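Residues per chain are reported as follows:
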Amino acid sequence: MSTVRASRKIERAGVNALRALLEDHEHIVQEIDGGNDHGEDMIVNFTRAGKRTPYWIAIQVKSGKKYKRVNGYAVPVDDHFDEWRQSRIPILGVVYDMKKRELFWVNLTEQLKSVEESPGWVQVANSSLLNSETIEQFFTEVANYAGEERMRIRATTDEEALSEAIRARRGLDPATAPNPLFEELANIALKYEDRLKAISRNLAAALPMMFLIMLMMWVWPYQIRFVEGSSDMPAWLWVSNLYLFMFTMSIVIFFELRVGRFPIETGKWLWMIAANFFWLPVIDADGDSGWWGTFWITAGALVPSFGHKVLIVTFIRFAMDRVRKRREMEMA
């Protein structure tokens, strides 16, 4: 049969005393299995007025005479120097004096950040007593430190927050280490994430319209010259009528894309009309007063006239069909 180590009772005495104190003051304690192998025994989430705060800490607990010193106590660093000083949540050391039945604490992360090499041990002052009378001051000091060092953890659920805290105690993660240049912008983006996603979807749906507008602006002077060289009608009226029709089609496509429908046929007609009426003035910029120019001028007048009517009637019918389906579903 396996035996229980004699030192286990001593080790558990400190963990149990600290856990009891923290839970008596409504802080959330999560013990770490095999904590001594990783350098911490528990992860704690501070609470305030019964609500979880974004402040998390990891604690290494030590009990026994070997951690007593002449002027206080000490916590061994061992091979945790880099992990503790680079941790993204404060790592605390707590020593339990079994004879006095008292707890004493030190901020290991803060102490180790001030040195370049491992000191071997971190001193714990006699004045750093942790009990029911000092726990408010303990919370304030650690929370202020975490806030100044940007060590807050925010998550939508307790499970996510605990997972993030466990990852954070392992030190700086290159994949999630903060970039101060963009951190505040990221916080703003996360605050308005849903709204930004909606704007992004609208911009994606508007891309065809924006491209068409840019193309219209570029081709406008060529259109005017072509009409003036092919007909006596007011050039601006002919071009405006054609542009209005294409712009109406692009608006229809935009609103269809916004709701997740893809008006393929409308898109095909739009680009076919744009391709025919945009390339011709560029190729034949001065127009043609013969049958060729007359044909295109006539087509440019008739297509928007009939096209507007067909477009409006077609999409009204589509809308009527959708309304009927919704009514049928409501009645079913």
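Going by the structure above, here's the rest.
Computed from a prediction, not measured in an experiment: that's the story for all the values here. (Residues numbered from 1 in each chain as written. Predicted model: local features only at pLDDT ≥ 70, side-chain atom pairs only at ≥ 80, totals over all residues. Heavy atoms only, no water.)

Asks: Before we move on, can you summarise a nonpolar patch on the surface with the specific residues and values?
Replies: Together, L181, F182, L185, I188, Y192, L196, I199, L203, L207 and M210 give the surface a local cluster of nonpolar side chains, amounting to about 990 Å² of exposed area. The element contributing the most residues to the nonpolar patch is helix α8 (residues 193–230), with five residues. Residue placement: L181 occurs in the loop between α6 (158–168) and α7 (183–191). (Patch = residues over 30% accessible without salt bridge, like charges linked within 9 Å, V, L, I, M, F, W, Y side chains within 5 Å. Areas by Shrake-Rupley, 256 points an atom, 1.4 Å probe, with all protein chains shown as cover. Salt bridge = Lys/Arg side-chain N within 4 Å of Asp/Glu carboxyl O. Helix = DSSP H or I, 4+ residues; strand = E, 2+ residues; numbered from the N terminus.)

Asks: Now, about unusual backbone geometry: what can you tell me, with residues and values included?
Replies: The phi dihedral of E26 is positive, around 70°, even though this residue is not glycine. With respect to the secondary-structure elements, E26 resides in the loop between α1 (7–24) and β1 (28–31). E26 gets classed as exposed once you look at its relative accessible area, which sits at 55%. One non-glycine residue, A49, lies in the positive phi region at around 55°. Relative to the elements of secondary structure, A49 occurs in the loop between β2 (42–48) and β3 (51–63). Overall, A49 belongs to the exposed group, its relative accessible area being 81%. (Buried < 20%, exposed > 50% of the residue type's maximum accessible area, 1.4 Å probe, protein only.)

Asks: Kindly report on the pattern of salt bridges, identifying the contributing residues and their values.
Replies: Within this structure, the stated rule accounts for eight salt bridges. The residue R19 makes a salt bridge to E23 at a minimum N-O spacing of 2.9 Å. Here the residue R19 and the residue E23 both occupy positions in helix α1, the gap between them amounting to four residues, near one helical turn. The salt bridge partner of R19 is E31, with a shortest N-O separation of 2.9 Å.

Asks: Could you give an account of the side chain of E256, naming the residues involved and the relevant values?
Replies: For E256, the position within the fold is in helix α9 (residues 235–258). Taking the relative accessible area as the measure of exposure, E256 reaches 11% and is therefore buried. Apart from residues lying up to four places away in sequence, E256 is in contact with R261, P263, F315 and R322. (Contact = heavy atoms within 4.5 Å.)

Asks: Can you break down the packing of α8 against α9 residue by residue, with the values?
Replies: Close contact between α8 and α9 brings their axes to 10 Å; oriented N to C, the two are set at 170°. The pairing of α8 with α9 is recorded here as roughly antiparallel in orientation. Taken together, the residues of the contact of α8 with α9 sort by class into 20 nonpolar, four polar and two charged. (Axes fitted to C-alpha atoms, helices over the stretch in contact; angles between N-to-C directions. Parallel < 35°, antiparallel > 145°, perpendicular 65-115°, else oblique. Nonpolar A, V, L, I, M, F, W, Y, C, P; charged D, E, K, R; others polar.)

Asks: Give me the packing of aromatic side chains: which residues, what numbers.
Replies: Counted under the stated rule, the structure contains 16 aromatic pairs. Measuring from ring centre to ring centre gives 5.9 Å for F211 and W271, while their planes differ by 55°; the resulting arrangement is tilted. Remark: W271 occurs in helix α10 (residues 264–283) and F211 occurs in helix α8; sequence separation between them is 60 residues. Assessed through its relative accessible area of 34%, W271 is described here as partly exposed. A centroid spacing of 5.9 Å and a plane angle of 75° characterise the contact between W292 and W296, whose relative ring orientation is edge-to-face. One end of the pair is W292 and the other is W296, both in helix α11 (residues 291–331) and four residues apart, which spans about a single turn. (Phe/Tyr/Trp six-rings, centres within 6.5 Å; stacked < 30°, edge-to-face > 60°.)

Asks: Talk me through the pairing of β2; I want residue IDs and the actual numbers.
Replies: Consecutive residues of a regular strand have side chains that alternate between opposite faces of the sheet. Taken across its seven residues, β2 has six buried, putting it largely inside the fold. Pairing analysis gives four bridges linking β1 to β2, with the strands arranged antiparallel. Among the inter-strand pairings, V29 is bridged to a residue of β2, identified as V44. Relative to β3, β2 runs antiparallel, the two being bridged by six bridges. Counted as the bridge partner of R48 is K51 from β3. As consecutive antiparallel partners, β2 and β3 are separated by two residues, and within that stretch A49 has a phi angle of approximately 55°, a positive value. (Pairing = 2+ DSSP bridges.)

Asks: Residues and numbers for α10, please.
Replies: When the terminal C-alpha atoms of α10 are compared, their 28 Å separation across 20 residues agrees well with the 28 Å that a helix rising 1.5 Å per residue should span. In this fold, the buried residues of α10 make contact with α8, α9 and α11. (Expected span 1.5 Å × (residues − 1).)

Asks: I'd like a description of the nonpolar core, backed by residues and values.
Replies: Ranked by size, the top nonpolar core spans 27 residues in total, and within it V227, W238, Y243, M246, I273, F277 and F278 carry the most contacts. When residues of this core are traced back to their parent elements, those giving at least two are α8, α9, α10 and α11. Broken down by element, the residue count for this core peaks at 10 residues, all from α9. Look past the residues within four positions of M246 in its chain and what remains in contact with it is L212, M216, L270, I273, A274 and F278. Of all hydrophobic cores here, the second largest spans 26 residues; its members include L21, L22, V61 and Y96. (Core = buried A, V, L, I, M, F, W, Y, C linked by side-chain atoms within 4.5 Å.)

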